[in-house]
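A closer look at the structure
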Number of protein chains: 2
Amino acid sequence: MIGKYTKSLLLENKDSFLIPSDNVATVLYSHPLEHALLVLSKVGYSKIPVLDSSDHLVGLISLANIVDKMMDIDGFNSNVLDGLLVSDVMEVNVASLQQEDDLEDVLHLLVEASFLPIVDANNTFEGIITRKEILKSVNHLAHELEKRYEFIPRVNEIKEELNI
Amino acid sequence: MIGKYTKSLLLENKDSFLIPSDNVATVLYSHPLEHALLVLSKVGYSKIPVLDSSDHLVGLISLANIVDKMMDIDGFNSNVLDGLLVSDVMEVNVASLQQEDDLEDVLHLLVEASFLPIVDANNTFEGIITRKEILKSVNHLAHELEKRYEFIPRVNEIKEELNI
């Protein structure tokens, strides 16, 4: 469990955690793969969310997913993309969270993923939480904690230090 | 400045911060661009360090750098890569750190970059520090802090709360 003071400091920038869906590049699962390649090469994220036409989250697609598909025995062949759709190479079964989910889950899942898609109860895409925004809060936490609080070692810690 | 208790907890996993060069995929600046594309599509990082033949860090190259180069007015064209080298599209003037640099710099620079190349005093590549490893430490910090220490608000904080 994350202690209440630590949590409260980490959450002081909570409003900037979520990059809302309007500001996140996405593609439809029914888009041609070459369109996804174009979007991905321009946005500066190496992976973006894939939605259906009702804005539900259905997967993620990365530059690596697409380039991997283009590699065949003879090397690199972009003709392979002809006729393929985003749904043919996207990753499915993606970890997502709801906005009211706990900071603990956010911090835990961000160890494995560079961003987390946030959805509502109907799986409608609401935005992403990125490692970058969380690291801004971590900087804030690291710099503020001991300015605001004096740390007193708890008894078991003192015992450990004294080896008793 | 980061307080001493916070810093000490964040650094408890310090030994796992650095992913040593032997475990990091890299390319030479003189490699054909298609070779870099092959490596990048396989390694699971979207960006990797570029070295010279004496292991000095000379840049970074990403899937996006390469795919961007392949986009022309008519769309996507992999023939563009023929004859191009890593040095033709790599990013130069890359932020790097030395192992003995401060945690403060690491945390600060990782807001903008997903990993930091670590070099020695001669700019020889030693490995990378990733957001992923730092986030493991942040989880450790967040969970341990208030188990180990009791937090006492400092006087100026109490004044603020009481509006005096």
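Chain A carries the name CBS domain-containing protein in an unreviewed UniProt entry, which gives Tetragenococcus halophilus as its organism.

A word on the sheet that holds strand β8 (residues 125–130) of chain A. All names here are of chain A. Taken together, the 3 strands give an open sheet; going across it, the order is β1-β8-β7, and neighbouring strands pair in antiparallel fashion. For this open sheet the edge positions go to β1 (18–20) and β7 (115–119), each flanked by a neighbour on one side alone. Each strand of the sheet is rotated relative to its neighbour by a mean of 35 degrees, with strand direction disregarded. For β1 and β8, the ladder comprises 3 bridges, and the chain directions are antiparallel. When the bridges of β8 are listed, L18 appears paired with I129.

So, about the interface of chain A and chain B. Residue-level contacts link 49 residues of chain A with 49 residues of chain B. Per-residue buried area on chain A facing chain B is highest for L135(A), E146(A) and F151(A); these three make up 13% of the total on that side. At the boundary of chain A with chain B, the tally comes to 25 residue pairs in polar contact (both at pLDDT 80 or more). When contributions to the side of chain A that touches chain B are tallied by element, the ones reaching two or more residues are α1 (4–10), α2 (33–43), α3 (63–70), β6 (75–76), α5 (103–109), α6 (131–148), β9 (149–153) and α7 (155–162) of chain A.

On to the environment of N93(B). Residue and element names in this part refer to chain B. As for its placement among the helices and strands, N93 is situated in the loop between α4 (86–89) and α5 (103–109). Residue classification places N93 among the exposed residues on the basis of a relative accessible area of 79%. The sequence separation of N93 and E126 amounts to 33 residues, and the corresponding C-alpha distance is 17 Å.

A word on the relation of the copies chain A and chain B. Between the two copies, chain A and chain B, the superposition gives an RMSD of 0.0 Å; the rotation angle is 180 degrees and the shift along the axis is 0.0 Å. Considering both components of the superposition, the chain copies are consistent with a two-fold axis. Every residue of chain A has its C-alpha some distance from the rotation axis, and the shortest such distance is that of F151(A), at 2.5 Å. The fraction of interface residues of chain A whose copies in chain B are also interface residues reaches 100%, indicating that both copies meet through the same surface.

Let us look at the packing of α3(A) against helix α3 (residues 63–70) of chain B. It is the contact of α3(A) with α3(B), at a shortest axis distance of 11 Å, that shows an interaxial angle of 60 degrees. Of the possible angle classes, the one that applies to α3(A) and α3(B) is oblique. Regarding α3(A) and α3(B), the two cross each other, and that crossing is left-handed. Contacts from L63(A), A64(A) and V67(A) in α3(A) reach L63(B), A64(B) and V67(B) in α3(B). When its residues are assigned to classes, the contact of α3(A) with α3(B) shows 6 nonpolar, no polar and no charged.

Rules used in this analysis
Residues numbered from 1 in each chain as written. Chains lettered and ligands numbered in written order. Predicted model: local features only at pLDDT ≥ 70, side-chain atom pairs only at ≥ 80, totals over all residues. Heavy atoms only, no water. Pairing = 2+ DSSP bridges. Helix = DSSP H or I, 4+ residues; strand = E, 2+ residues; numbered from the N terminus. Axes fitted to C-alpha atoms, helices over the stretch in contact; angles between N-to-C directions. Contact = heavy atoms within 4.5 Å. Buried area = accessible area lost by both parts, 1.4 Å probe. Polar contact = N/O pair within 3.5 Å; in protein donor to acceptor, adjacent residues only side chain to side chain. Buried < 20%, exposed > 50% of the residue type's maximum accessible area, 1.4 Å probe, protein only. Least-squares fit on C-alpha atoms with pLDDT ≥ 70 in both. Parallel < 35°, antiparallel > 145°, perpendicular 65-115°, else oblique. Left-handed = near helix turned anticlockwise from the far one by under 90°. Nonpolar A, V, L, I, M, F, W, Y, C, P; charged D, E, K, R; others polar.

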